[in-house]
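Each chain is listed here by its residues.
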Amino acid sequence: ARGDTRYLLRVYDLMRRDLAQRKGTSIEKVLNESRQLALQQYVNQPFYIEGYQKLASQRHTPLSKSQLECLKKLYDWRDRKARELDESLHYVCPNTTLVKLALRKKGTGFKGIFQTKIMKSCQDELEELLAPPPA
């Protein structure tokens with residue numbers, strides 16, 4: 001972070017110069033808009049236990065019972081992992097990736113599916129989660 005801050009003064013100068021050249025826009029106006037934006041409070045989206053069903057219903061073709069169970073496991077895993085790491089749900093695993101994982105054929109592995117660093121670091125955990133139950 002310390003290394004990044006040295007560029008901020010240059011960025012500030014460039015933005016100030018750009019604002020000064022624009023007609024009808026003042027630095028005061030931009031600062032007021034910035035203050036208003038900073039006053040907005042982030043409201044965390046609630047976790048819906050049955051939210052995986054909404055994901056499944058958005059598909060054109062319905063999921064099988066086993067695919068729906070797989071999606072539920074993944075949906076719950078993503079929520080737990082996001083809370084554990086204090087990250088957003090979609091940063092841990094996007095909705096589209098959840099559905100791709102649920103749709104994959106048994107025994108085909110996970111090649112080409114993992115899109116996030118967190119998912120790559122949790123590949124063993126996911127493989128265990130999605131492994132078929134022992135006979």
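It should be emphasised that the depicted structure is a prediction, and the values quoted were computed from it without experimental measurement.

Criteria and thresholds
- Residues numbered from 1 in each chain as written.
- Predicted model: local features only at pLDDT ≥ 70, side-chain atom pairs only at ≥ 80, totals over all residues.
- Heavy atoms only, no water.
- Helix = DSSP H or I, 4+ residues; strand = E, 2+ residues; numbered from the N terminus.
- Buried < 20%, exposed > 50% of the residue type's maximum accessible area, 1.4 Å probe, protein only.
- Contact = heavy atoms within 4.5 Å.
- Patch = residues over 30% accessible without salt bridge, like charges linked within 9 Å, V, L, I, M, F, W, Y side chains within 5 Å.
- Areas by Shrake-Rupley, 256 points an atom, 1.4 Å probe, with all protein chains shown as cover.
- Salt bridge = Lys/Arg side-chain N within 4 Å of Asp/Glu carboxyl O.
- Core = buried A, V, L, I, M, F, W, Y, C linked by side-chain atoms within 4.5 Å.

**Student:** Sorry if this is basic, but what is going on with the overall build of the protein chain here?
**Tutor:** Per the secondary structure count, the protein chain includes nine helices and zero strands. If you list the helices and strands of the protein chain from N to C, you get α-α-α-α-α-α-α-α-α. Buried positions account for 24% of the 135 residues belonging to the protein chain. In the protein chain, of all internal contacts separated by at least 6 residues, the share reaching a separation of at least 24 is 48%.

**Student:** What is the right way to look at a nonpolar patch on the surface in this model?
**Tutor:** On the surface, Y7, V11 and M15 cluster together into a nonpolar patch covering about 310 Å² of accessible area. With respect to the helices, strands and loops of the structure, M15 is situated in helix α2 (residues 8-21). Taking the relative accessible area as the measure of exposure, M15 reaches 52% and is therefore exposed.

**Student:** Explanation requested: the nonpolar core in the structure shown.
**Tutor:** Within soluble globular proteins, side chains that are nonpolar generally end up buried alongside one another. Counting 22 residues, the largest nonpolar core has L71, L74, W77, V92, C93, L98 and M119 as its most contacted members. Elements that contribute at least two residues to this core include exactly α4 (51-57), α5 (65-85), α7 (95-103), α8 (117-121) and α9 (123-130). Residue contributions to this core peak at six residues, all from α5.

**Student:** I would appreciate a short explanation of the environment of L129 in the present structure.
**Tutor:** Following the sequence through the fold, L129 ends up in helix α9. Judged by its relative accessible area of 22%, L129 falls in the partly exposed class. Note: C-alpha distance between L129 and W77 (52 residues apart in sequence) is 8.6 Å. Ignoring any residue separated from it by four or fewer positions in sequence, one finds L129 in contact with K73, L74 and W77.

**Student:** Looking at this structure, I do not really get the pattern of salt bridges. What am I missing?
**Tutor:** A side chain with one charge may pair with a side chain of the opposite charge, provided their charged atoms come close. Within this structure, the stated rule accounts for six salt bridges. A salt bridge links D13 to R16; the shortest N-O distance between them is 3.2 Å. Linking D13 with R16, this pair stays in helix α2, spanning three residues, or about one helical turn. According to the relative accessible area criterion, R16 is partly exposed, its value standing at 37%. For R83, the salt bridge is made with D79, and the minimal N-O distance between the two is 3.0 Å. A residue pair is termed a helical-turn pair when its members lie 3 or 4 positions apart in one helix, as R83 and D79 do in helix α5 at four residues. With a relative accessible area of 11%, D79 lands in the buried category. Connected through shared salt-bridge partners, K81, E84 and E125 make up one network.

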